[in-house]
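What follows is the residue order along each chain.
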Amino acid sequence: MNGTLTATDAAACASRSYEVQQLAARVASCAEEAGAVVAGLGRLELQDWQSPAGRAYRNTLSLQAASLRRARDALADAQAVVLRHAQQVTLSSGRPGY
C-alpha cells in the first residue's frame, strides 16, 4: 500500500468503525439493563424481612446485587474500550496492513 487512502478504503473503514460503534451501543444497553436489575434487587432488599429465612433471602439478594454491580461496571468499562477501538479503526485506515 502506498499510503494513499482511496474512497473505497475510507468507506470500508467507516463501515467497520460504525459497526464497532453499534457494538459499543449494545454493550452500553446491557450495562443499563444490568443497572435496572440492580435497582430492582435493591428495592427487594429494602423490604422488611423478619424471619430467619427472610433475612437469609435478603443476604442472598445483597450478594447477587453486588455481583451484578461488578458485572455492570465491567460492561461499562468494556463499552469504553470498544469505543476506543472504533476510533482506532478510523485512524488506522491509512496504515499498511489494516
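To be clear, the structure that these remarks concern was listed above.
Everything in this summary refers to the structure shown in the same document. (Residues numbered from 1 in each chain as written. Predicted model: local features only at pLDDT ≥ 70, side-chain atom pairs only at ≥ 80, totals over all residues. Heavy atoms only, no water.)

**Structural notes on the overall build of the protein**
Then, in step 1: When helices and strands are counted, the protein shows two helices and zero strands.
Then, in step 2: Scored against the burial criterion, the 98 residues of the protein give a buried share of 19%.
Then, in step 3: Counting every atom, the protein has about 6600 Å² of accessible surface; 58% of that belongs to carbon and sulfur. (Helix = DSSP H or I, 4+ residues; strand = E, 2+ residues; numbered from the N terminus. Buried < 20%, exposed > 50% of the residue type's maximum accessible area, 1.4 Å probe, protein only. Areas by Shrake-Rupley, 256 points an atom, 1.4 Å probe, with all protein chains shown as cover.)

**Some points on helix H2 (residues 52–91)**
Then, in step 1: Taking 1.5 Å of rise per residue, the 40 residues of H2 would be expected to cover 58 Å, and the 59 Å separating its terminal C-alpha atoms lies within 8% of that figure.
Then, in step 2: The complete set of buried residues in H2 reads Gly-54, Leu-61, Ala-65, Val-82, Ala-86 and Val-89. (Expected span 1.5 Å × (residues − 1).)

**Focus on the side chain of Ser-17**
Then, in step 1: Checked against the element boundaries, Ser-17 lands in helix H1 (residues 7–45).
Then, in step 2: Under the relative-accessibility criterion, Ser-17 is labelled buried at 4%.
Then, in step 3: A polar side-chain atom of Ser-17 sits 3.2 Å from the main-chain carbonyl oxygen of Ala-86.
Then, in step 4: Not counting chain neighbours up to four residues away, the residues in contact with Ser-17 comprise Ala-86, Val-89 and Thr-90. (Polar contact = N/O pair within 3.5 Å; in protein donor to acceptor, adjacent residues only side chain to side chain. Contact = heavy atoms within 4.5 Å.)

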